[in-house]
Amino acid sequence: MEKTKTIGGYDFIAYTKETYEEDIVIQRSKEFYHWMDQRRTVREFSDKPIPKEVIENIILTASSAPSGAHKQPWTFCVISSAELKKKIRGAAEAEEYESYNSRMSQEWLEDLKQFQTDWHKPFIEIAPYVVIVFKKAYDLDADGNKQNNYYVNESVGLATGFLLAAIHHAGLVALTHTPSPMNFLSKLLERPANERPCFLIPIGYPAEETYVPKLKRKVIDEIAVFYD
Ligand code: IYR
């Protein structure tokens, strides 16, 4: 039986979490770091299918992220239709063509050289699933009244981080793609006015021979300041 308590008129449940001895905490933190450090953004996908259940599980994982006032202000649109993927690719490439050829600054293009990206986005059609993450600027109740959401960008960023970790854990790969501007996705997917697209994420197995840029990650002193 779940242990419950009423606080201020609201139901709370006892939170029981397994804890470990300090050496195990150290070991687990290290192992998780090394395992997460293996995650890489991949741009070359296999067309090998993935069970829909896997996509459902990674989306449920994403939706377990913390969010402002627990509003879960997100919608994950899951695209597997070849026809729709083709339309999305066409529209994304049209925007990206403009970006690469006139909208992005020289400095930006220079910063991207190490990734060897360009306006071609074949992965949108090749990956078995494309998940598009929408943020909900506000919600609508049953009567159509606006309901506030809070810290929407932060919440959707957290959920998308969880999504990427779940994809990595399943042994799959993803690309966090941000075609810009991305409002064409609202039209193509017929999303309501309270939803705005944030990320386009192809998900699948990596292509048989896949290369990723030889990156270095920042060391601890470059990313953390300790106030002991
Ligand atoms: N949206 C473009 C360009 C791009 C921008 C950044 I910042 C990247 O880290 C990678 C790519 C594209 O997806 O190609």
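A brief report on the enclosed structure follows. (Residues numbered from 1 in each chain as written. Predicted model: local features only at pLDDT ≥ 70, side-chain atom pairs only at ≥ 80, totals over all residues. Heavy atoms only, no water.)

Topic: the nonpolar core
Definition in use: Nonpolar cores were defined as sets of buried Ala, Val, Leu, Ile, Met, Phe, Trp, Tyr and Cys residues, with membership established by side-chain atoms within 4.5 Å. Type-normalised accessible area, obtained with a 1.4 Å probe on protein chains alone, sets the label of each residue: buried when under 20%, exposed when over 50%, and partly exposed for intermediate values. Helix and strand assignments follow DSSP, with helices taken as H or I runs no shorter than four residues and strands as E runs no shorter than two, numbered in order from the N terminus. Contacts: residue pairs with any heavy atoms within 4.5 Å of one another.
Counting 23 residues, the largest nonpolar core has I55, I58, F76, L163, I167, I201 and I203 as its most contacted members. Where this core is concerned, the elements lending two or more residues are α2 (52–62), β3 (74–79), β4 (129–136), α6 (152–169) and β8 (195–204). In terms of residue count, α6 provides more of this core than any other element does, seven residues in total. If we ignore the near neighbours within four places in the chain, the residues touching I167 are I58, L172, V173, A174, I201 and I203. Membership of the second largest hydrophobic core comes to 19 residues, among which are F45, A92, V130 and I132.

Focus: the packing of aromatic side chains
The geometry of two aromatic rings is summed up by the distance between their centres and the angle between their planes. Just so we agree on the cut-off: The criterion for an aromatic pair is that two Phe, Tyr or Trp rings (for Trp, the six-membered ring) have centres within 6.5 Å, with stacked assigned to planes under 30 degrees apart, edge-to-face to planes over 60 apart and tilted to the rest. Both a distance and an angle decide whether a charge sits over a ring: NZ of Lys or CZ of Arg must be within 6 Å of the ring centre and within 35 degrees of the ring normal.
Applying the stated criterion across every chain, the model contains two aromatic pairs. Measuring from ring centre to ring centre gives 5.9 Å for F32 and W35, while their planes differ by 35°; the resulting arrangement is tilted. On the criterion of helical spacing, the pair formed by F32 and W35 is a turn pair, its members being three residues apart in helix α1 (residues 22–36). In this structure W35 comes out as partly exposed when scored by relative accessible area, which is 28%. Seen from their ring centres, Y97 and W119 are 5.2 Å apart, and the 80° between their planes marks the pair as edge-to-face. A residue pair is termed long-range when its members are at least 10 positions apart, and Y97 in helix α3 (residues 82–103) and W119 in the loop between α4 (106–112) and α5 (123–126) qualify at 22 residues. Look at Y97 and you get partly exposed, because its relative accessible area is 39%. Note on W119: relative accessible area 26%, which makes it partly exposed. Between K48 and the ring centre of Y205, over which it is positioned, the NZ or CZ distance is 4.4 Å. Over the ring of Y138 we find K146, and its NZ or CZ is 4.4 Å from the ring centre.

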